[in-house]
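Structural overview
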Amino acid sequence: MSRRRGAELENAILDAAREELAELGYAKSTMSGIANRAGTSKPVLYRRWSSLPELVLDTLGSRFANVPVPDTGDLRDDVLALLRQAQANLADTRRDTVSGLIADTVHDPQLAQRLRDLIAGSTLSDAMSTVLERAAERGQISPGPWPRRVITLPISLLRDDFVVFGIRPSDADLAAVTDEVFLPLLGYASSMVRNRDRPSR
């Protein structure tokens, strides 16, 4: 067994958990299998995580941590960059992992709340708030505050398509959510359309 410790060992375990989930799916993943992949023992895992759902939540959470906040100078480009980050996270996540966690955490309020925060894209939503604040400072949209449901709307739409229907959003889907739903709510799209429709001089 490896004598790795601390962050090195934890990262190895999270990498192993990602491999286990990707290969076997949530229902067939086990603490023993993850320990074997990480080159450690099952008791080592249980010293850090009390259950498989807790480990899987940390594994998924590590994918969503430290989301860079885009700053292209344009609201639409910033929103699309964030949604593409969400798209990339979904591309690495099996749908059955989320549905399995929903079933396994329903009787554990703390884990259930962590799962809600994760699939609600709280880190991405915080980044979206920053994007909107910067756009307001540039005069592209009216200043906030914006309702939380508005801020989370584009991420929630993409998440629900994935969790409920198993649809992985395409880049065209991201553009449609941005241009047809989100930006009009912020009073941005209509002015952009008017500018594009003006004849060139």
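Scroll up to find the structure this text is about.
Attention in this report is confined to the structure presented alongside it.

In this section: the environment of valine 44. Relative to the helices and strands, valine 44 resides in helix H3 (residues 42–48). In this structure valine 44 comes out as buried when scored by relative accessible area, which is 9%. Distance from valine 44 to isoleucine 13, taken between C-alpha atoms, is 9.8 Å for residues 31 residues apart in sequence.

So, on to helix H8 (residues 122–137). In a regular helix each residue adds 1.5 Å, so 16 residues correspond to 22 Å; H8 covers 23 Å between its end C-alpha atoms and thus fits that length. Along H8, the residues that are buried comprise Leu124, Ser125, Ala127, Met128, Ser129, Val131, Leu132, Ala135 and Ala136. Contact partners of the buried residues in H8: helix H4 (52–64), helix H5 (75–91), helix H9 (148–165) and helix H10 (171–185). Directly beyond the C-terminal end of H8, a positive phi value near 85° is found at glycine 139.

It is worth spelling out a nonpolar patch on the surface at this point. There is a patch of nonpolar side chains on the surface, built from Leu157, Val181 and Leu185 and spanning about 220 Å² of accessible area. With a relative accessible area of 31%, valine 181 lands in the partly exposed category.

A word on the environment of valine 56. Within the secondary structure, valine 56 sits in helix H4. Here valine 56 falls in the buried class, since its relative accessible area comes to 1%. Residues valine 56 and tyrosine 26 lie 30 residues apart in sequence; the distance between their C-alpha atoms is 8.7 Å. Other than its neighbours up to four places away in sequence, valine 56 contacts Leu21, Tyr26, Thr97 and Leu101.

Next up on the list: the packing of helix H6 (residues 95–105) against H9. Between H6 and H9, the shortest axis-to-axis distance is 9 Å and the interhelical angle comes to 80°. Classified by the angle their axes make, H6 and H9 are roughly perpendicular. Touching Arg95, Val98 and Ile102 of H6 are Phe162, Val163, Val164 and Phe165, all from H9.

Right, let's get into the packing of H4 against helix H7 (residues 109–119). Direction vectors running N to C along H4 and H7 enclose 25°, while the axes themselves pass 11 Å from each other. By the angle class used here, H4 and H7 are roughly parallel. The two elements H4 and H7 cross, and the hand of that crossing is left-handed. Contacts between H4 and H7 pair Pro53, Glu54, Leu57, Asp58, Leu60, Gly61 and Phe64 from the former with Leu111, Arg114, Leu115 and Leu118 from the latter. In terms of residue class, the contact of H4 with H7 is built from seven nonpolar, one polar and three charged.

Turning our eyes to something else, we now look at H4. With 13 residues, H4 ought to run about 18 Å at 1.5 Å a step, and its terminal C-alpha atoms sit 19 Å apart, in line with that. Of all the positions in H4, only Leu52, Pro53, Leu55, Val56, Leu57, Thr59, Leu60 and Phe64 are classed as buried.

Rules behind the numbers
- The residue numbers shown here count from 1 along each chain, following its written sequence.
- It should be noted that, the model being predicted, local features are given only for residues of pLDDT at least 70 and side-chain atom pairs only at 80 or more, the latter also being counted only at that level, while totals for whole chains, interfaces and linings use all residues.
- The basis for every side-chain value is the complete set of non-hydrogen atoms in the structure, without hydrogens or water.
- We count a stretch as a helix when DSSP gives it H or I for four or more residues in a row; a strand needs E for two or more, and each element gets its number in order from the N terminus.
- Three exposure classes are used, based on accessible area relative to the maximum for each residue type with a 1.4 Å probe and protein chains only: buried under 20%, partly exposed in between, and exposed over 50%.
- Any helix carries an expected span of 1.5 Å times its number of residues minus one.
- We call two residues contacting when some pair of their heavy atoms lies within 4.5 Å.
- Here a patch means residues that are over 30% exposed by relative accessible area and free of salt bridges, tied together within 9 Å if like-charged and within 5 Å if nonpolar (Val, Leu, Ile, Met, Phe, Trp, Tyr).
- All accessible-area figures derive from a Shrake-Rupley calculation using a 1.4 Å probe, and residue coverage is judged against the displayed protein chains alone.
- The term salt bridge refers to a pairing of a side-chain nitrogen on Lys or Arg with a carboxyl oxygen on Asp or Glu at a separation within 4 Å.
- Between the N-to-C directions of two axes lies an angle of 0 to 180 degrees, each axis being a line fitted to C-alpha atoms and, for a helix, fitted only over the stretch in contact.
- What sets the label is the angle itself: under 35 degrees gives roughly parallel, over 145 gives roughly antiparallel, 65 to 115 gives roughly perpendicular, and the rest give oblique.
- In this scheme the handedness of a crossing depends on how the near helix is turned from the far one: anticlockwise by less than a right angle means left-handed, clockwise means right-handed.
- Side-chain classes are defined by residue name, with Ala, Val, Leu, Ile, Met, Phe, Trp, Tyr, Cys and Pro counting as nonpolar, Asp, Glu, Lys and Arg as charged, and the others, Gly among them, as polar.

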